Amino acid sequence: MTAQDRGLAALGLDGVPALRPLTYPGLPVTVPSLLTGAELLPLLARRGGLGAWTVDGSHRPHPALDNVLDGLGQPPVAGRLPVIAVGSNASPGQLAHKLARLGVPGAVPMVPVRLRGIGVGHSAHIGRAGYVAAAPYSAPEAHGTLVVSWLGPAQLSAVDATELPNYRRVALPGGAYGMVLPTGERLDAAQVYVSVRGLLADPATGLPRPGGGDQAALLDRLLDASPRLRELLGPDAATWVRRAAGDPELRARGTLLFAEEGWVLPWTELNAPPG
């Protein structure tokens, strides 16, 4: 396989939900990978820490990840912070777009990690691009896999800028959340963005609406459930994102309607052990 074959476009992973809101949350990486701007190189897991994993690029033998990052003038793994993605930050196309837009080099290790205690719902606000983004919450019974990205200082500042003020970043103890790498080694800790706006509730259950699904279907369900919201942003999902993406005041009014309809649950702090 050539370097060109590993381009995001060739892999079908170049989609950017920020530009096409109804595709949110986009396609995540499914295997350990190194995002290098417009390319996604496989990472070959081996014990001894992420920095010792090898990069399956065009060179033989495969170089260690830390050596590749050094060659790109980027911080090694030890100089990066692992950040859990529950929404579009797991999509290499979206992450590359965020970093490129702010002029930050996009060399980022992205690894699916098994963990427990984190549920994925929807933040109770309408985002800049017009979609209703994902948000995590404490769910002691939950087990699954989420993508963790190791971000350098400049990358972390850039991603923070895309999440604030609607989210804030909190630290999670790895042992409490059972974070396990593909090698079976455990993460000591990671961070995650939590919504300060609360979570969208499912009126039928009073629980958070499950996140990560079809954005158009979600918006259509919300429009069907609220004549006031339909008058403001309807009649359909396509109209919603077209109107909301270009109008901060309209987004604010729609977000306020979530609360007035009684759909907002307070978020549960996630930096304490689940249960």
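Before any of the text, the structure's been laid out above.
The structure displayed is predicted, hence computed values, not measured ones.

K.L.:
Got a minute to help me understand empty space enclosed by the protein in this structure?
P.N.:
Over the atoms rolls a probe the size of a water molecule, and in doing so it shows where empty space is left. One pass over the structure, following the stated rule, counts one cavity of 30 Å³ or more. Here the largest cavity defines a volume of roughly 60 Å³. Taken together, Val83, Ile84, Ala85, Asn89, Leu95, Ser149, Leu151, Val159 and Tyr193 form the lining of the largest cavity. No other element matches the three residues that strand S4 (residues 81-85) contributes to the lining of the largest cavity. Its residues assigned to classes, the lining of the largest cavity comprises seven nonpolar, two polar and no charged.

K.L.:
Whenever I open this one, the layout of surface pockets confuses me. Can you help?
P.N.:
Of the voids in this model, the largest pocket is the one considered here, and its volume is about 510 Å³. If you trace the largest pocket, you find 26 residues lining it, with Lys98, Arg128, Tyr131, Thr162 and Glu163 closest to the centre. Only S4, helix H3 (92-101) and helix H4 (153-163) provide two or more residues apiece to the lining of the largest pocket. The greatest single-element share of the lining of the largest pocket, amounting to four residues, is contributed by H3. Classifying every residue of the lining of the largest pocket by side-chain character gives 13 nonpolar, nine polar and four charged.

K.L.:
Even after reading the chapter, I still don't get the packing of helix H6 (residues 215-225) against helix H8 (residues 237-245), so can you show me in this structure?
P.N.:
The angle between the axes and the distance between the axes are what describe a pair of packed helices. As a packed pair, H6 and H8 sit with axes 8 Å apart at the nearest point and diverge in direction by 95 degrees. Here H8 runs roughly perpendicular to H6, going by the angle between their axes. Contacts between H6 and H8 involve Ala216, Leu219, Asp220, Leu222 and Leu223 from the former and Ala237, Trp240 and Val241 from the latter. Residues of the contact of H6 with H8, tallied by class, amount to seven nonpolar, no polar and one charged.

Conventions used here
- Each chain carries its own residue numbering, running from 1 in the direction its sequence is written.
- In keeping with the model being predicted, local features are shown solely for residues with a pLDDT of at least 70 and side-chain atom pairs are shown and tallied solely at 80 or more, while totals for entire chains, interfaces and linings include all residues.
- Water and hydrogen atoms were dropped before computing side-chain values, which therefore reflect all heavy atoms in the structure.
- Buried and open spaces are told apart on a 1 Å grid over the protein atoms alone, a cavity being a set of points where a 1.4 Å probe fits but cannot get out and a pocket being an open set with protein on both sides within 12 Å along at least five of seven lines. Residues with an atom within 4 Å of a point are the lining residues.
- Grid points are joined across faces, edges and corners, and a volume is the space filled by probe spheres set on the points.
- Strands are runs of DSSP state E lasting at least 2 residues, helices are runs of H or I lasting at least 4, and numbering of each runs from the N terminus.
- Gly is placed with the polar residues, together with every amino acid not listed as nonpolar (Ala, Val, Leu, Ile, Met, Phe, Trp, Tyr, Cys and Pro) or charged (Asp, Glu, Lys and Arg).
- Fitted lines through C-alpha atoms serve as axes, helices being fitted only where they are in contact, and the angles separating the N-to-C directions of these axes extend from 0 to 180 degrees.
- Angle categories: roughly parallel below 35 degrees, roughly antiparallel above 145, roughly perpendicular from 65 to 115, and oblique for all the rest.
- Only heavy atoms matter for contacts: two residues are in contact if any of them lie within 4.5 Å across the pair.

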